[in-house]
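Okay, here's what each chain looks like letter by letter:
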Amino acid sequence: RCELSNRTGMDSETLKRAFLNNLFYVQGKFPALATTNDYYMALAYTVRDRLLQRWINTAATYTELGSRTVAYFSAEFLMGPHLGNNLINLGIYDQVEQGMAELGLSLDELQEEEEEPGLGNGGLGRLAACYLDSLATLDIPSLGYGIRYEFGIFDQDIRDGWQVERTDKWLSAGNPWEIARPEWSVEIKLGGHTEHYTDDHGNYRSRWVPDQVVKGIPYDTPILGYQTNTANTLRLWTAEAPESFDFRSFNSGDYLGAVYEKMISENISKVLYPNDDSSQGKQLRLTQQFFFVSCSLQDMIRILHGQNLPLENFHKKFAVQLNDTHPAISVVELMRLLIDHHQMDWEQAWTITHQTFAYTNHTLLPEALERWPIELFGSLLPRHLELIYEINQRFLDEVRIKFPDDEERMIRMSLIDESGERYVRMAHLACVGSHAINGVAALHTELLQKDVLRDFYEMYPHKFTNKTNGVTPRRFMVLSNSQLSKLITSKIGDSWIKNLKELQQLEQFVDDAGFQVEWRRIKQHSKTELATYIQNNNNITVDPDSLFDIQAKRFHEYKRQHLSLLHIVTLYNRIKANPDIEITPRTFIFGGKAAPGYFMAKLIIKLINSVGNVVNRDPDVRGRLKVVFLKDYNVKLAQRIYPAADLSEQISTAGKEASGTGNMKFALNGALTIGTLDGANVEIREEVGEENFFLFGLTTEEVYHKRAHGYRSRDYYHTNAELKLAIDRIASGFFSQGDAELFRPLVDDLLNQDQYFLFADYASYIACQDQVAAVYKDQTKWTRMSILNAARMGKFSSDRSIEDYCRDIWKVEPVNVELRQ
Ligand SMILES: CCc1ccc([C@H](C)CC(=O)N[C@@H]2O[C@H](CO)[C@@H](O)[C@H](O)[C@H]2O)cc1
């Protein structure tokens with residue numbers, strides 16, 4: 001018992017003792033020799049013990065009850081650093097901070113030591129992480145299933161203004177937050193051919209004879225809820241060769257051959273594809289998707305059997321959410337396992353499959369919709385291709401009945417794209433194989449139903465619902481903005497952390513001068529913290545009193561980072577035209593990675609740094625404008641940025657950003673939003689009130705209309721003097737030491753295509769920004785709007801999103817976990 005108490009006690013003394021114990025017995029170090037990493041590891045293991053107690057009790061409870069479980073299938077989980085989040089959810093952050101201080105250590109510094117698991121690109125991966133936090137906090141039995149990439153999203157360095165990618169060796173110092181479970185390894189097949197035979201009951205049977213077998217090893221990470229005993233599991237798969245050494249080849253002197261299998265297999269979970277929103281169609285990517293899906297489904301069948309539940313109840317036990325099309329092969333793999341491995345008949349297998357899966361679409365961009373060449377697909381997954389043909393046949397029979405004599409529709413809806421080298425359309429497979437389909441914001445779901453998935457909406461209107469995204473207030477408020485959270489709690493208590501709608505109660509203090517001063521002081525504090533970070537990392541001095549205007553997200557032309565650049569150049573031109581002009585001092589802060597192969601996105605990063613080099617040094621500017629590019633934007637850096645923002649840039653072309661989630665995190669931290677009516681901006685504006693939102697730009701309908709009726713961006717260039725001056729300034733080479741060629745591709749694209757309507761939205765954007773500058777001068781008004789923004793963001797908690805999924809799609813109930821051991 002005392003040993004147990006020392007490993008589960010939550011008071012500062014016990015924690016300190018356990019910490020020193022782990023430094024000694026786990027790290028094998030004593031203070032004189034210990035490195036910061038030793039201290040971090042010792043603390044991590046101390047916290048892990050408290051997690052394990054809840055983890056084991058949770059698993060025991062679920063096993064006993066055979067609880068219905070949500071399985072969240074995602075190729076990406078952008079978890080962020082674990083230490084701080086686990087301290088918050090355990091409710092021991094302050095005790096540990098005090099304990100460490102008493103030992104002469106800084107908890108902040110120890111947190112800095114943790115390599116964040118960057119197992120995702122952006123929005124989709126981070127949403128999965130927020131959802132795991134909410135599932136546990138709401139006591140919903142759930143499993144996250146994905147890939148344990150050896151190398152996550154690349155580390156971004158900036159060299160001479162250009163993005164440079166560095167390998168993300170996140171596991172090099174070990175990972176105290178995971179436990180390997182080799183005992184639950186499974187094997188998956190790849191390649192080869194299929195054979196068909198009649199079994200001794202006269203049934204027509206198929207078998208898959210692979211030409212490669214790979215082992216999948218699960219690594220489990222506990223996901224603790226906030227102030228609850230529930231700790232769910234994130235199960236990530238690593239690929240290994242079944243035999244790590246082939247002695248036969250070795251003995252025949254073929255040393256390379258001896259480890260060839262090992263190398264090939266391990267490549268499968270080697271690295272995350274760094275593309276965000278454009279499918280490359282690489283074989284390894286499909287192999288990765290099939291690998292984790294097959295491992296996960298086999299694992300779920302093992303769990304079912306372990307709880308003596310019949311396979312026929314698979315869909316009763318598990319609700320599987322497909323996080324975009326990346327795991328869509330699941331539909332076929334479950335059919336194969338049920339029919340080929342468990343001799344189930346087609347109808348029953350299909351009923352179970354259809355009722356198990358639900359599909360979330362996260363993007364409208366055509367280039368992001370995955371479709372696999374039949375050739376590639378069939379060579380890697382020959383049995384699955386056969387099953388897809390069968391699924392397609394039966395599906396098209398259904399379509400023909402509902403829409404007779406509509407060949408066009410058949411061709412449009414088929415799982416097979418017959419054009420070119422022929423392709424498998426993964427979004428179609430996901431729609432046909434799922435009982436529910438959802439978009440991630442009201443406007444996005446509407447556009448899916450009206451456009452991208454229109455045929456499927458007409459075929460299955462009952463399947464479609466909207467599930468507006470959300471974010472976890474634990475990491476993005478309590479952990480990353482503790483001062484603001486403490487102020488809020490001091491006014492309305494702390495139950496807002498689990499019931500974000502309660503933030504609304506802050507409205508009663510909106511005109512309370514003392515509260516306003518406190519609110520502004522805390523924002524100022526966060527801005528000063530970020531200013532220090534910028535000084536240390538970018539060697540740029542920024543004024544914390546200036547308006548912090550921030551755009552932090554992946555680089556993509558539809559997100560229009562180059563539109564806010566046009567604003568910066570416009571302000572600069574105004575100053576150059578009249579240095580005494582009255583301008584609200586602004587600090588423009590950018591953060592975000594570009595997919596390594598995305599030339600235009602990388603050129604925009606270069607342009608930001610080039611404009612910064614000139615503007616930040618120009619004496620005429622007198623420090624009134626500063627441009628900062630914060631490198632290596634990730635979850636850890638995001639936690640520094642959201643609390644320090646005055647203005648949140650959400651300026652995508654209407655109809656392009658499915659939802660956005662950064663927009664929610666900025667507003668929850670008191671930033672005001674300048675944005676278009678796109679994605680979740682629409683709902684944010686509805687909640688906070690149009691008078692507290694800086695709206696500009698074309699609506700989705702107007703964009704459709706302009707695109708349909710021939711849009712000539714050059715006309716805007718010729719009719720808007722400030723726009724022309726800004727473009728000419730860039731085109732002249734002024735920001736590139738006179739090299740007019742450098743940014744020509746960007747300028748030419750805007751003058752000739754401008755497929756994202758920057759020029760069409762320029763005037764209204766600039767006018768809106770001038771309005772922003774005017775309001776910022778009235779700090780009382782600004783603070784009032786800032787308080788109202790945060791107070792009215794309750795809807796955008798990922799807890800609300802998860803409650804919607806549980807009610808409408810997963811039909812799953814919370815399970816209460818007692819700490820019995
Ligand atoms: C195949 C390459 C690839 C990789 C990732 C993706 C993701 C769907 C891109 C993504 O992260 N989409 C973002 O998802 C967020 C969560 O729903 C939304 O808030 C963003 O608007 C959407 O861009 C598409 C294609």
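Residues numbered from 1 in each chain as written. Predicted model: local features only at pLDDT ≥ 70, side-chain atom pairs only at ≥ 80, totals over all residues. Heavy atoms only, no water.

## Considering the packing of aromatic side chains
Next, step 1: Under the counting rule described, the total for this entry stands at 25 aromatic pairs.
Next, step 2: On the basis of an interplanar angle of 35° and a centroid distance of 6.5 Å, the ring pair of Phe395 and Tyr460 is categorised as tilted. Linking Phe395 in helix H15 (residues 382–402) with Tyr460 in the loop between helix H19 (454–459) and strand S19 (464–466), this pair joins segments that are 65 residues apart in sequence. When sorted by exposure, Phe395 lands in the same class as Tyr460, which is buried.
Next, step 3: Seen in terms of ring centroids, Tyr711 and Tyr716 are 5.7 Å apart; in terms of plane orientation they differ by 50°. Their pairing is tilted.
Next, step 4: Judged by relative accessible area, Tyr716 falls into the partly exposed class, the value being 24%.
Next, step 5: One aromatic cluster in this structure is built from Tyr72, Tyr131, Tyr805 and Trp810.
Next, step 6: A cation over a ring is seen here: Arg148 above Tyr219, with NZ or CZ 3.7 Å from the ring centre.
Next, step 7: Positioned over the ring face of Tyr423 is Arg371, at 3.8 Å from the centre of the ring. (Phe/Tyr/Trp six-rings, centres within 6.5 Å; stacked < 30°, edge-to-face > 60°. Helix = DSSP H or I, 4+ residues; strand = E, 2+ residues; numbered from the N terminus. Buried < 20%, exposed > 50% of the residue type's maximum accessible area, 1.4 Å probe, protein only. Lys NZ or Arg CZ within 6 Å of the ring centre and 35° of its normal.)

## Points about the sheet that holds strand S17 (residues 423–425)
Next, step 1: With antiparallel pairing, three strands are arranged side by side in an open sheet as S15-S17-S16. Single-partner strands in this sheet number two, and they are strand S15 (371–373) and strand S16 (416–417).
Next, step 2: Its contacts with the sheet put helix H17 (residues 426–433) on S15 and S17, and the angle it makes with S17 is roughly 40°. (Pairing = 2+ DSSP bridges. Contact = heavy atoms within 4.5 Å. Axes fitted to C-alpha atoms, helices over the stretch in contact; angles between N-to-C directions.)

## Quick look at the pairing of strand S23 (residues 647–650)
Next, step 1: Residues Leu647 and Glu649 line one face of S23 and the alternating positions Ser648 and Gln650 line the opposite face, and both faces are buried.
Next, step 2: For strand S20 (residues 547–552) and S23, the ladder comprises two bridges, and the chain directions are parallel. Residue Asp549 lies in a different strand from S23, and its bridge partner there is Leu647.
Next, step 3: Between the parallel elements S23 and strand S24 (residues 672–675), the chain passes through helix H26 (residues 662–668) in a crossover that is right-handed. (Right-handed = clockwise from strand over helix to strand, strands pointing away.)

## Side note on the site of the ligand
Next, step 1: Surveying the vicinity of the ligand reveals 20 residues, the closest of which are His362, Asn469, Glu657, Ser659 and Gly660.
Next, step 2: A distance of 3.0 Å separates an oxygen atom of the ligand from a polar atom in the backbone of Ser659.
Next, step 3: Protein burial of the ligand: of its 570 Å² of free accessible surface, 97% is covered by the chains.
Next, step 4: Considering only residue class, the shell around the ligand consists of four nonpolar, ten polar and six charged.
Next, step 5: When residues of the shell around the ligand are assigned to domains, at least three map to each of domain 2 (68–80 + 119–150 + 167–370 + 426–469 + 804–810) and domain 3 (489–794). (Near = heavy atom within 4 Å. Polar contact = N/O pair within 3.5 Å; in protein donor to acceptor, adjacent residues only side chain to side chain. Areas by Shrake-Rupley, 256 points an atom, 1.4 Å probe, with all protein chains shown as cover. Nonpolar A, V, L, I, M, F, W, Y, C, P; charged D, E, K, R; others polar. Domains from an automatic or database assignment.)

## A word on the environment of Leu695
Next, step 1: Relative to the helices and strands, Leu695 is located in strand S25 (residues 694–695).
Next, step 2: For the pair Leu695 and Ile651, spaced 44 residues apart in sequence, the C-alpha to C-alpha distance is 9.4 Å.
Next, step 3: Discounting residues that sit within four places of it in the chain, Leu695 has contacts with Gly675, Thr676, Leu677, Arg685 and Cys768.

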